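Tertiary structure, described
One-letter residues, chain by chain:
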Amino acid sequence: MIQSRADKLLAIETSCDETAAAVISVDSKSVRILSSTIASQIPLHRKTLGVVPEIASRAHVEKIIPVISEALSKAKLETISEIDAVAVTYGPGLVGSLLVGTETAKTIAYARAIPLIAINHLDGHIISAFAEKKSPAQAGGQISISNIKKSLPALALVVSGGHTELVLINKPFSYRVVGRTVDDAAGEAFDKIARLLGLDYPGGPAIEAAASTKFKVKSKKLKIELPRPMIGSDNFNFSFAGLKTAVLYQVRKCKKLNKNQQAAFAHETQQAIVDVLVHKTYRAARQFKVKSVLLAGGVSANKLLRQTMGEKIKQLSISLHIAPPELTTDNAAMIGLAGGLRYLAGKTVNWYDVRVDPNAGL
Ligand code: KG4
Ligand code: ZN
């Protein structure tokens, strides 16, 4: 589809605990974020130290229209009639949460007789790694189509609360999962271990913050050494459940963790997870002889992961694309960027063709 002018896409994301909308501008050379709005449910789920699906769906129902309306006005659009298509996450995720986003998107598409673009949440995370900011003031960034083509074949590491996958991308829209977690996701490990350590929710940022505080472990009895699960295995799969159990056993040896011990555990946990993620990504990038590595998903907000991955991938003399920090955790701009690319390729559907798929694979 060749664009005579920049078309505008509305993007909607409600797969888990963030109600998000964005407006994206699409022309034949680039896909650009005009606005991005998120109503976070983190304060709501902090009380239960995790997402309660029913509470999440209800919050999406309350927030979805105000969030869309804010995204439109931030993009300086007066009404929804200026939108040419709607991109929405159809899965994977929580079924009740996904339904709020998809039904809203279908209603808009039906009422306005405009096309829909169904986006896999993981595709959104992967594509966000290509986003670049042309100026600090630019909302979120943009993707140049020629840059994507130059970067392929690429290997993406998607690390979030629900997924840890190594994905090979040989050509646009063609994904092959070459490795994945066999139990917990990396983000899930951060969240569960934070809980064991008495740290805040979500666990990733809490562990990162605790790990960066200065600490000194005085007790000789408490020597914190955690395993690097499956780091030496000859496949590209991951496992993080054993790490959580190892923390549990060592925490039990202490009566109540003091700040010093919390920091020491946080430091070793973060280092163990980063070591495994970087090592496996490096080996896969070398084996598949890719031109670039992409790092995306909530856990890619982690500074130690970003820095260590940068240093390791440099050894292969290939490029590393990392999602800008504001696009790492769930947002609708990433769904709009992936949607814009599919829109340009004519991959649109009618409202009645969209079905939610809580277990959707890539
Ligand atoms: O992509 P995301 O927002 O949602 C899912 O699709 O799951 O990822 C959320 C996950 C949570 O597990 C959270 O603890 C983790 O990303 N996370 C981090 C950091 N920020 C978020 N993990 C490590 N370091 C961080 N700075
Ligand atoms: Zn996500």
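Okay, so let's go over this structure. Keep in mind the model is a prediction, meaning the values are calculated, not measured. (Residues numbered from 1 in each chain as written. Chains lettered and ligands numbered in written order. Predicted model: local features only at pLDDT ≥ 70, side-chain atom pairs only at ≥ 80, totals over all residues. Heavy atoms only, no water.)

1. Section: the pattern of salt bridges
Here the idea is simple: oppositely charged side chains can pair when their charged atoms come close. Defined as follows: Salt bridges are identified by distance alone: a Lys or Arg side-chain nitrogen within 4 Å of an Asp or Glu carboxyl oxygen. Numbering of helices and strands starts at the N terminus; helices are DSSP runs of H or I of at least 4 residues and strands are runs of E of at least 2. When a residue's accessible area, from a 1.4 Å probe over protein chains only, is under 20% of the maximum for its type it is buried; when over 50% it is exposed; and in between it is partly exposed.
For the coordinates displayed, the defined rule picks out 13 salt bridges. Between D200 and R46 there is a salt bridge, with the nearest N and O atoms lying 3.2 Å from each other. Separated by 154 residues along the polypeptide, D200 in the loop between α6 (186-196) and α7 (203-211) and R46 in helix α1 (residues 42-46) bring together distant segments of the chain. With relative accessibility at 41%, the residue D200 sits in the partly exposed group. By relative accessible area, R46 is classed as partly exposed at 36%. As a salt-bridge pair, D275 and R228 come within 3.0 Å of each other at their nearest N and O atoms. Here D275 is found in helix α9 (residues 259-287), whereas its partner R228 is found in the loop between α7 and α8 (241-252), with 47 residues between them in sequence. Each of the salt bridges in this network shares a partner with another, and the network as a whole consists of D184, E188, K192 and K244.

2. A word on empty space enclosed by the protein
Selection rule: Here the term cavity refers to a set of points on a 1 Å grid, laid over the protein atoms alone, in which a 1.4 Å probe fits but cannot get out; the term pocket refers to an open set having protein on both sides within 12 Å along at least five of seven lines, with lining residues being those that place an atom within 4 Å of a point. Grid points are joined across faces, edges and corners, and a volume is the space filled by probe spheres set on the points.
Counted according to the given criterion, the structure contains 1 cavity of 30 Å³ or more. Taken together, L49, D191, A194, R195, L199, D200, Y201, P202 and G203 make up the lining of the largest cavity. Looking at which element gives the most residues to the lining of the largest cavity, the answer is α6, with 3 residues.

3. Structural notes on the site of ligand 1
Heads up, the condition is: One heavy atom within 4 Å of a molecule or strand is enough for the residue carrying it to be called near that molecule or strand. We define a polar contact as two N or O atoms separated by no more than 3.5 Å, with the added condition that, inside protein, one atom must be a possible hydrogen donor and the other a possible acceptor, whereas residues neighbouring each other in sequence contribute only through side-chain atom pairs. In these tables, accessible area is a Shrake-Rupley quantity obtained with a 1.4 Å probe, and a residue counts as shielded only by the protein chains included in the view.
Close to ligand 1 lie 19 residues; G161, D191, G204, E208 and D330 are nearest. G161 has a polar backbone atom sitting 2.8 Å from an oxygen atom of ligand 1. Alone, ligand 1 offers 550 Å² of accessible surface; in the complex the protein occludes 89% of this. The greatest single-element share of the shell around ligand 1, amounting to 4 residues, is contributed by α7.

Fair warning: the whole summary comes from geometry, so function is off the table for now.
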